[in-house]
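Chain residues, written in single-letter form:
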Amino acid sequence: MSHQTEVKSAGDGELLKQTIRRYDASPRAYAWRFAVADMRIEQDLFSACLPRRHQPVLDAGCGTGRDLARFRRNGVAAIGLDLSQGLLGAARRCTASPLVQGDMLRVPFRRASFRGVWCCASLLHLAPEQAALAVGEFRRVLSDEGLLFILVRAGSSHGLDSSGRWFQLYERTELEGLLKAAGFAIISLTVRPRPAPGRWLAVLAAARTHAHAEPPPRPATAISEPFPS
Ligand SMILES: C[S@@+](CC[C@H](N)C(=O)[O-])C[C@H]1O[C@@H](n2cnc3c(N)ncnc32)[C@H](O)[C@@H]1O
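Bear in mind the structure is a predicted one, so any value in this text is a computation, not a measurement.

Thresholds, definitions, all that
Residues numbered from 1 in each chain as written. Predicted model: local features only at pLDDT ≥ 70, side-chain atom pairs only at ≥ 80, totals over all residues. Core = buried A, V, L, I, M, F, W, Y, C linked by C-beta atoms within 7 Å. Buried ≥ 20, exposed ≤ 12 C-beta atoms within 10 Å, placed from the backbone. Helix = DSSP H or I, 4+ residues; strand = E, 2+ residues; numbered from the N terminus. Contact = placed C-beta atoms within 7 Å. Near = placed C-beta within 6 Å. Nonpolar A, V, L, I, M, F, W, Y, C, P; charged D, E, K, R; others polar. Axes fitted to C-alpha atoms, helices over the stretch in contact; angles between N-to-C directions. Parallel < 35°, antiparallel > 145°, perpendicular 65-115°, else oblique. Left-handed = near helix turned anticlockwise from the far one by under 90°. Pairing = 2+ DSSP bridges.

1. A short note on the nonpolar core
If you look at the biggest cluster of nonpolar residues, it comprises 63 residues, and the most contacted ones within it are V117, C119, F138 and L148. When residues of this core are assigned to their parent elements, the largest contribution, 7 residues, is made by strand β5 (residues 142–153). Once you skip the residues sitting within four places of it in the chain, F138 turns out to touch A60, V117, C119 and L148.

2. Details of the site of the ligand
Taken together, 21 residues lie around the ligand, and F34, G61, G63, S84 and S122 are the ones closest in. Of all the elements in the fold, those that place two or more residues in the shell around the ligand are α1 (14–25) and β2 (78–82). Top element by residues in the shell around the ligand is α1. It accounts for 3 residues. In the shell around the ligand, the residues fall into 13 nonpolar, 5 polar and 3 charged.

3. Description of the environment of R22
Relative to the assigned elements, R22 resides in helix α1. For the pair R22 and R165, spaced 143 residues apart in the sequence, the C-alpha separation amounts to 6.8 Å. Among all residues touching R22, those that are not within four sequence positions of it are S163, G164 and R165.

4. Considering the packing of helix α2 (residues 27–35) against helix α5 (residues 85–94)
The N-to-C vectors of α2 and α5 enclose an angle of 60°; their axes lie 9 Å apart at closest approach. In terms of axis orientation, α2 runs oblique to α5. Handedness of the crossing formed by α2 with α5: right-handed. Here P27, Y30 and A31 of α2 lie close against α5, whose contacting residues are G86, L87, G89 and A90. Classifying every residue of the contact of α2 with α5 gives 5 nonpolar, 2 polar and no charged.

5. What about the sheet that holds strand β3 (residues 99–101)?
Taken in spatial order, the 7 strands of this open sheet run β3-β2-β1-β4-β5-β9-β8, and their pairing is mixed. Edge positions in the open sheet fall to β3 and β8 (184–192), since each of these has one partner strand only. Direction aside, the axes of adjacent strands within the sheet are offset by 15° on average. Helix α3 (residues 40–49) contacts β4 (114–120), β5 and β9 (200–207) of the sheet and is inclined by roughly 170° relative to β5. Running at roughly 170° to β3, α5 makes contact with β2 and β3 of the sheet.

6. Digging into the environment of R153
With respect to the helices and strands, the residue R153 is situated in strand β5. Of the residues examined, R153 has 18 C-beta atoms within 10 Å and is grouped as partly exposed. The sequence separation of R153 and L123 amounts to 30 residues, and the corresponding C-alpha distance is 9.6 Å. Residues within four places of R153 in sequence aside, it is in contact with L124, F167, L169, G198 and W200.

Rendered as structure tokens:
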């Protein structure tokens, strides 16, 4: 993104807090901005592919509740999770779905509570090491074969936008690696020109059963180890 300032590290959480403060300061402005993003095609495909279980969907980083309202209209039970008190206030005016203030780095639900996790344009506010934690949390709260949707901006940079929100862009292979490492099998990964100007990556993935999860990579042999096996 051309208007971004390079920042060395976002992993200490300060930039995430700063991003949330920006949202809390202007919830109305963001409510207008997010309302025009059209995710209907992606959302209807996601809903159609959900495993048939009596569990809700988690909208992780639900913002002002646009997608929660559509899930509700389509008869898909969903719960919204967001860190921003201000945006959750706007969501309350837009949907009757349950809303929880919380962090996707520590999703406040038990394991296997959801049949789907919908994460639209939210993971992009996390540094890569935080995103790995969040995707691990999505796997934990999803039931086996549960469905995950993630939308992020495509690219190879990171930094702050003009309003001071942190953004991390993803190349296709980075996003694939993140999901596979957390125990997901990718169903589709497409590049699209929506919901805002620029290129976006949309991924649909299924939670593998733990029996099928890939083994963790072997640790690299320490240089000081005299007799590597
Ligand atoms: C660009 S907005 C997208 C909102 C909504 N998903 C949409 O598509 O309109 C990003 C959202 O992610 C939320 N968010 C960012 N980091 C989060 C975290 N660690 N835990 C929960 N919510 C977070 C922000 O508060 C904000 O609502």
